[in-house]
Amino acid sequence: MLPLPPGVPTAVPVTYYLILSAILFVIGGAGFLYRKNIITVFMSIELMLNAVNLSFVAFAYKFNKADGHIYSFFVMVVAAAEAAVGLAIILTVFKNRQTLEIDDIDSMKL
Amino acid sequence: MPTNFMPSTEEYFRILPELILTLAGVLIMFLEALRKEGQKSNAGGVTLATLVAALIAAVMAGGSPGPAFHDMVFVDGFGTFFRILVLVVGLLTVLSSQSYLERHDAQIGEYYGLLLFSLVGQSLLCVSNELMMVFIGIEISSIASYIMAGFLRDDKRNNESALKYFLLGSFATAFLLYGVAWIYGITGTTNIDGIRQALLNNLPAVPLPAVGAAAALMLVGFAFKVSAVPFQAWAPDVYQGAPAPVSAFMSAGPKAAAFAVFTRVFLTAFGPIANRWEPILWIVALATMIVGNFAALTQTNIKRMLAYSSIAHAGYVLVAIVAHSEAGTAAVMFYLASYAFMNVGAFAAIVDYSRRNEKFVNISDLAGLGQKQPFTASMMTIYMLSLIGVPLTAGFFGKFYIFKAALESDLIWLTVLGLLNSAVAAYYYLRILVVMWMHEPGEAAESAPEASFGVKAVLFGSALATLVLGILPSLVLDFANRSANIIK
């Protein structure tokens, strides 16, 4: 490994991770609100959850404690369960309607 | 490794209701897989027995209050109250589901298994003392109810209901979780009491905007779960599209559990910054009441109307949370108990009446129900009067204690506007009574089958509970007052 030039910090500061996490969270939220395909909307939610994971891990690194790392595992397990159920629901919707456009799913209106 | 790493028997005892529910849920799933073709499923009976056992366990666990599993769970009177409430809602749901499931040739075992799993999450929510447990409880409860909302998977409305519930529910959870991450980052703990202590001890040093942002993110998550404005849009579609017994369940059980944890987190953990969130919640409570009541006025579908009504009732409960006092907490508990009975009852009345594929779910379809089925119509009358808040019903005392607590906390305008709102609400509940009793029987009432035994039991039980709470409110209120001191 090449030695780092003098003056370059050896570790990325925690705030950078937090800013990245916030950006990812906002991208996920925007994707949820503006995307029209159900699968993409679902991916946006996963992105938001992973942004949260990044925050947890960054904070745990800052505190030098293990709990934040463990929380991120909890989140991953829950996200996996959610994906299993969510994709099954999306599949039944597709089977009944032959569409994945979110604007077409509107049989119930005022 | 610390010496006290192994949990004691007492700690397992404190989560016994969840253990019973989980084991029985898994067992039912297995039995269903082993069941032979054409053999009748007895999952309903097993579920009923499980719920009774879990209720006994919840009462016994409530008898020895205390923390468990390194403060992850704290069993107190408040938690026990809501635990019992969600289990009773579960019981009523089981009784009202059987005939509906048989009529639609649905997978009965899986339904009850999912119901039990959902109750595990809600029961855990009621006693969780840790934001991570709150997250996991919400998810256990939600993931099972996403499937239940779309249980009849060939029905288009069921699919749509499940999809909307799932997408918006997960979106809300992500917000909640991001709030938890920030709180963890600011205070270094996710324990609810720990957060309170951290905020109290170094309030000047704590970055208030960051705490406020975290609280706001969590507020978004909770507001979704209790269907408060501006995050209420999913509720009407989901309640309308889901099977009627599931709508009954979702509008009472998960909502009560979500309110329990909402109250606990905001009054305990965020109590030190109450002056920051109270004005926001004031506006949210008022907007929720107004939107719920005014949107309900024009509905033609009963389930959709009840969905808007449940939004309005969430607004009343929020008023009690804004009051931020022990009387307010007791009012939250009493109101959610009385609301659960009247709402489950109202949904149960249409479970059998709606027929296959929920053909008759419009308010006009109830025409002449009073002549054809006086029992169902009388029970429905009790629920509607209670939802309005007429004296001698649970709804009256529920509203009375909420607005009393609000007045004691000097929320005069909120009280006045809330009372005006409940006057508006009288219109759409009374309309159902008029249609039921004064209109000539139409096609729906002429061909209506007799309600099944289970549904009748639910109708009678909920009506009885509504009246008992309305005549002897002290039965529940005394307990609520004793256990309203959730701030430790």
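Quantities reported herein were computed from a predicted structural model and do not represent experimental measurements.

A. Broad picture of the overall build of chain A. When its secondary structure is counted, chain A shows 3 helices and 0 strands. Put simply, chain A runs from its N terminus to its C terminus through helices and strands in the order α-α-α. Computed over C-alpha atoms, the radius of gyration of chain A comes to 19 Å, more than 25% over the 13 Å expected from 2.2 N^0.38 for 110 residues, which places it beyond the range of a compact globule. The buried share among the 110 residues of chain A stands at 38%. Contacts spanning at least 24 positions in sequence make up 57% of the contacts within chain A whose residues lie at least 6 apart. Counting only carbon and sulfur atoms, one obtains 71% of the accessible surface of chain A, whose full area is about 6,500 Å². Separation of charge centres in chain A, based on 7 positive and 7 negative side chains, amounts to 4 Å.

B. Region of interest: the overall build of chain B. Of regular secondary structure, chain B possesses 21 helices and 2 strands. In terms of C-alpha radius of gyration, chain B reaches 22 Å, essentially the compact-globule figure of 23 Å for 488 residues. Over its C-alpha atoms, taken along the principal directions, chain B stretches across nearly 70 × 55 × 40 Å. Here chain B holds 488 residues, and 66% of them are scored as buried. In chain B, 82% of the contacts between residues at least 6 apart in sequence involve partners at least 24 apart. In the form shown here, chain B has an accessible surface area of approximately 16,400 Å², with 68% of it arising from carbon and sulfur atoms. Charge centroids of chain B, computed over 27 positive and 29 negative side chains, lie 3 Å from each other.

C. Quick peek at the packing of helix α3 (residues 67-97) of chain A against helix α6 (residues 131-149) of chain B. Interaxial distance between α3 of chain A and α6 of chain B falls to 10 Å at its minimum, and their mutual angle equals 10°. In terms of orientation, α3 of chain A lies roughly parallel with respect to α6 of chain B. Between α3 of chain A and α6 of chain B, the contacting residues are Tyr71, Phe74, Val75, Val78, Ala81, Glu82, Val85 and Ile89 of chain A on the first element and Met132, Phe135, Ile136, Glu139, Ile143, Tyr146 and Ile147 of chain B on the second. For the contact of α3 of chain A with α6 of chain B, the residue count by class is 13 nonpolar, no polar and 2 charged.

D. Structural context of the interface of chain B and chain A. Listed per partner, the contact involves 41 residues of chain B and 44 residues of chain A. Roughly 3,700 Å² is buried in total at the junction of chain B and chain A, and carbon and sulfur atoms are behind 76% of that figure. Summed over the shared surface of chain B and chain A, the result is 1 salt bridge. When the shortest N-O distance is used, the salt bridge between glutamate 160 of chain B and arginine 97 of chain A registers 3.1 Å. Taken together, chain B and chain A are joined by 9 residue pairs in polar contact (both at pLDDT 80 or more). Among the secondary structure elements, those contributing two or more residues to the side of chain B that touches chain A are α6, α7 (156-187), α10 (234-241) and α13 (302-323) of chain B.

E. The nonpolar core, seen in detail. Counting residues in each nonpolar core, the largest one holds 218 residues, and the members touching the most others are Phe56 of chain A together with Phe82, Phe222, Phe262, Val265 and Phe270 of chain B. When residues of this core are assigned to their parent elements, the largest contribution, 20 residues, is made by helix α14 (residues 326-353) of chain B. Among all residues touching phenylalanine 262 of chain B, those that are not within four sequence positions of it are Leu219, Phe222, Val226, Leu281, Leu318 and Ile321 of chain B. Membership of the second largest hydrophobic core comes to 7 residues, among which are Val73, Val75, Leu124 and Val127 of chain B.

F. Local environment of helix α1 (residues 14-34) of chain A. Residues and elements named next belong to chain A. In this model α1 runs 30 Å from its N-terminal to its C-terminal C-alpha over 21 residues, within 8% of the 30 Å that 1.5 Å per residue would give. Of the positions making up α1, those classed as buried are Val14, Leu18, Ser21, Phe25, Gly28, Gly29, Gly31 and Phe32. Seen from one end, α1 has its buried residues packed into an arc of 160°, which puts them on one side. More than 90 degrees from the buried face of α1, the exposed residues found are Tyr16, Ile19, Val26 and Tyr34.

G. Molecular detail of the side chain of glutamate 358 of chain B. Residue and element names in this part refer to chain B. For glutamate 358, the location among the structural elements is in the loop between α14 and α15 (369-372). Residue classification places glutamate 358 among the buried positions, given a relative accessible area of 7%. A polar atom in the side chain of glutamate 358 sits 2.9 Å from the backbone nitrogen of alanine 244. Look past the residues within four positions of glutamate 358 in its chain and what remains in contact with it is Tyr100, His104, Arg157, Ala242, Pro243, Ala244 and Lys303.

H. Looking closely at a nonpolar patch on the surface. Residues and elements named next belong to chain B. Among the surface-exposed residues, Leu392, Phe460, Leu464, Leu467, Val468, Ile471, Leu472 and Leu475 lie close enough to one another that they form a single nonpolar patch of about 740 Å² accessible area. The leading source of residues in the nonpolar patch is helix α20 (residues 453-471), at 5 residues. Structurally, the position occupied by leucine 467 is in helix α20. The exposure class of leucine 467 is partly exposed, given its relative accessible area of 30%.

I. Structural detail: the environment of proline 254 of chain B. Residues and elements named next belong to chain B. You can see proline 254 is positioned in helix α11 (residues 244-269). According to the relative accessible area criterion, proline 254 is buried, its value standing at 12%. Residues proline 254 and valine 89, 165 residues apart in the sequence, show an inter-C-alpha distance of 9.7 Å.

J. Structural detail: the environment of asparagine 301 of chain B. Residue and element names in this part refer to chain B. For asparagine 301, the position within the fold is in the loop between α12 (274-296) and α13. On the accessibility criterion, asparagine 301 (9% relative accessible area) is buried. Distance from asparagine 301 to serine 8, taken between C-alpha atoms, is 52 Å for residues 293 residues apart in sequence. Among all residues touching asparagine 301, those that are not within four sequence positions of it are Gln240, Val361, Asn362 and Ile363. Of the polar contacts made by the side chain of asparagine 301, one reaches the backbone nitrogen of lysine 303; its length is 2.8 Å.

Cut-offs used in this document
- Residues numbered from 1 in each chain as written.
- Chains lettered and ligands numbered in written order.
- Predicted model: local features only at pLDDT ≥ 70, side-chain atom pairs only at ≥ 80, totals over all residues.
- Heavy atoms only, no water.
- Helix = DSSP H or I, 4+ residues; strand = E, 2+ residues; numbered from the N terminus.
- Rg over C-alpha atoms; globule rule 2.2 N^0.38 Å.
- Buried < 20%, exposed > 50% of the residue type's maximum accessible area, 1.4 Å probe, protein only.
- Contact = heavy atoms within 4.5 Å.
- Areas by Shrake-Rupley, 256 points an atom, 1.4 Å probe, with all protein chains shown as cover.
- Lys, Arg positive; Asp, Glu negative; His and termini not counted.
- Charge placed at Lys NZ, Arg CZ, Asp CG, Glu CD.
- Axes fitted to C-alpha atoms, helices over the stretch in contact; angles between N-to-C directions.
- Parallel < 35°, antiparallel > 145°, perpendicular 65-115°, else oblique.
- Nonpolar A, V, L, I, M, F, W, Y, C, P; charged D, E, K, R; others polar.
- Buried area = accessible area lost by both parts, 1.4 Å probe.
- Salt bridge = Lys/Arg side-chain N within 4 Å of Asp/Glu carboxyl O.
- Polar contact = N/O pair within 3.5 Å; in protein donor to acceptor, adjacent residues only side chain to side chain.
- Core = buried A, V, L, I, M, F, W, Y, C linked by side-chain atoms within 4.5 Å.
- Expected span 1.5 Å × (residues − 1).
- Arc of directions from axis to C-beta.
- Patch = residues over 30% accessible without salt bridge, like charges linked within 9 Å, V, L, I, M, F, W, Y side chains within 5 Å.

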